[in-house]
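Residue-level structure breakdown
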Amino acid sequence: MSLTEITTRILKAEELAGRPKGSAQLIAVSKVQPNARVEAVLEQGHRLFGENKVQEAEGKWPDFKQQFEGVKIHLIGPLQTNKVKNAVALFDAIHTVDRPKLARKLATEIQTQGKSPDMFIQVNTGEEPQKAGVIPADADAFIKECRDLGLPIIGLMVIPPVDEEASLHFALLRKIAQRNGLDGLSMGMSSDFERAVALGATHVRVGSAIFGARDYG
Ligand SMILES: *Cc1c(COP(=O)(O)O)cnc(C)c1O
């Protein structure tokens, strides 16, 4: 597949859902991809990218940001508290706020740096023990806690369990967001982004369908 094909499919999904054109933003997930592939997508004019590791992102994005105007990068992977300072400095959004200790650290750091990425709270809708995210039953209280700390929470993020129908998880995420007055929904990946758009995704995170398979070798 290609960037153009994915963009076209997102537009189609927006249209089918009766949503305004461009209401679902495409985050091109560039983690692990060779720089040449990322550069090719930048050359095509795309400017919004996702990375799941702070250190890996620090290794490539400062240079790309110099070369290409208007680049935005979002952190979509787990954030350790000892990386908060670097994450606040580098990223335009953080999708993985998921625990009080991290929230407090972020609140302190955005004060110190006088700048702040947009933030999403990750919800573990499948209640999988190995997965990050606040469980649905704790979501309302945690959203309030983050707001009380002054964090700029703009939405929720989910990674559904691999063996379950993703749409159920997208719908649950939307329900939690709606009752908390949050507009942002970061949901949908290469295999299910159209279903996510149908259910209201404002940010889809698509990697392999744009860049090709990741080679971890
Ligand atoms: C890697 C990753 C993606 C992209 O996955 P693809 O299946 O390659 O589209 C999306 N979201 C998160 C959180 C990821 O870590």
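Preceding this paragraph is the structure being described.
Residues numbered from 1 in each chain as written. Predicted model: local features only at pLDDT ≥ 70, side-chain atom pairs only at ≥ 80, totals over all residues. Heavy atoms only, no water.

Quick look at the overall build of the protein
Secondary structure assignment for the protein yields nine helices and eight strands. Over its C-alpha atoms, taken along the principal directions, the protein stretches across nearly 40 × 40 × 35 Å. Of all intrachain contacts in the protein linking residues separated by at least 6 positions in sequence, the fraction that spans at least 24 positions is 60%. On the protein, roughly 10,300 Å² of surface is accessible, and the fraction owed to carbon and sulfur atoms is 50%. Computed over 27 positive and 27 negative side-chain charges, the separation of the two mean positions in the protein equals 2 Å. (Helix = DSSP H or I, 4+ residues; strand = E, 2+ residues; numbered from the N terminus. Contact = heavy atoms within 4.5 Å. Areas by Shrake-Rupley, 256 points an atom, 1.4 Å probe, with all protein chains shown as cover. Lys, Arg positive; Asp, Glu negative; His and termini not counted. Charge placed at Lys NZ, Arg CZ, Asp CG, Glu CD.)

Comments concerning the side chain of Asp192
Mapped onto the elements, Asp192 comes out in the loop between strand S7 (184–186) and helix H8 (193–198). One buried charged residue, Asp192, forms no salt bridge at all, with the nearest opposite charge on Arg195 at 4.9 Å. A distance of 2.7 Å separates a polar atom in the side chain of Asp192 from the backbone nitrogen of Met189. (Buried < 20%, exposed > 50% of the residue type's maximum accessible area, 1.4 Å probe, protein only. Salt bridge = Lys/Arg side-chain N within 4 Å of Asp/Glu carboxyl O. Polar contact = N/O pair within 3.5 Å; in protein donor to acceptor, adjacent residues only side chain to side chain.)

Focus on the layout of surface pockets
Size it by volume and the largest pocket reaches roughly 380 Å³. A breakdown of the residues in the lining of the largest pocket according to their chemical character gives seven nonpolar, eight polar and four charged. Lining the second largest pocket are Glu128, Lys131, Ile159, Pro160, Pro161, Val162, Glu164, Ala166, Met189, Ser191 and Asp192. Its residues assigned to classes, the lining of the second largest pocket shows six nonpolar, one polar and four charged. (1 Å grid on protein atoms, 1.4 Å probe; cavity = no way out; pocket = protein on both sides within 12 Å on 5 of 7 lines; lining within 4 Å. Points joined across faces, edges and corners; volume = space filled by probe spheres on them. Nonpolar A, V, L, I, M, F, W, Y, C, P; charged D, E, K, R; others polar.)

A word on unusual backbone geometry
Its identity is not glycine, yet Val32 carries a phi of approximately 70°, on the positive side. One can find Val32 in the loop between strand S1 (25–29) and helix H2 (35–43). The partly exposed category is assigned to Val32, whose relative accessible area is 27%. The backbone phi angle of Glu127 is positive, close to 50°, even though this residue is not glycine. One can find Glu127 in the loop between strand S5 (118–122) and helix H6 (136–148). Exposure remark for Glu127: the relative accessible area of 48% places this residue in the partly exposed category.

Observations regarding the site of the ligand
Every residue lining the ligand is accounted for by Val29, Lys31, Ile76, Met157, Ile159, Met189, Ser190, Arg205, Val206, Gly207, Ser208 and Arg214. Here an oxygen atom of the ligand sits 2.7 Å away from a polar atom, N or O, in the side chain of Arg214. When the free accessible area of the ligand is taken as 390 Å², the share hidden by the protein chains comes to 89%. More than half of the atoms belonging to the ligand lie within 2 Å of the grid points that define the largest pocket. Among the residues making up the shell around the ligand, the classes are represented as six nonpolar, three polar and three charged. (Near = heavy atom within 4 Å. Sits in = over half its atoms within 2 Å of the grid points.)

A short note on the side chain of Asn180
By the secondary structure assignment, Asn180 is in the loop between helix H7 (166–179) and S7. By relative accessible area, Asn180 is classed as buried at 14%. Beyond its immediate stretch of four places on either side in the chain, Asn180 contacts Asp140, Ile143 and Arg147.

Notes on the pairing of strand S3 (residues 72–75)
As judged from the four bridges shared by strand S2 (residues 48–51) and S3, these two strands associate in the parallel manner. Bridging across to S3, Leu48 finds its partner in Lys72. Following the chain from S2 across helix H3 (residues 54–67) to the adjacent parallel S3, one finds a crossover that is right-handed. By the bridge criterion, two bridges tie S3 to strand S4 (residues 93–97) in an arrangement that is parallel. (Pairing = 2+ DSSP bridges. Right-handed = clockwise from strand over helix to strand, strands pointing away.)

Some points on the pattern of salt bridges
Per the counting criterion, the structure on display carries nine salt bridges. Put simply, Glu165 and Arg195 hold a salt bridge, and the shortest N to O gap is 3.0 Å. Here the residue Glu165 occupies a position in the loop between strand S6 (153–157) and H7, and Arg195 occupies one in helix H8, the gap between them amounting to 30 residues. The partly exposed category is assigned to Arg195, whose relative accessible area is 35%.

Shape descriptors only; they carry no functional weight alone.
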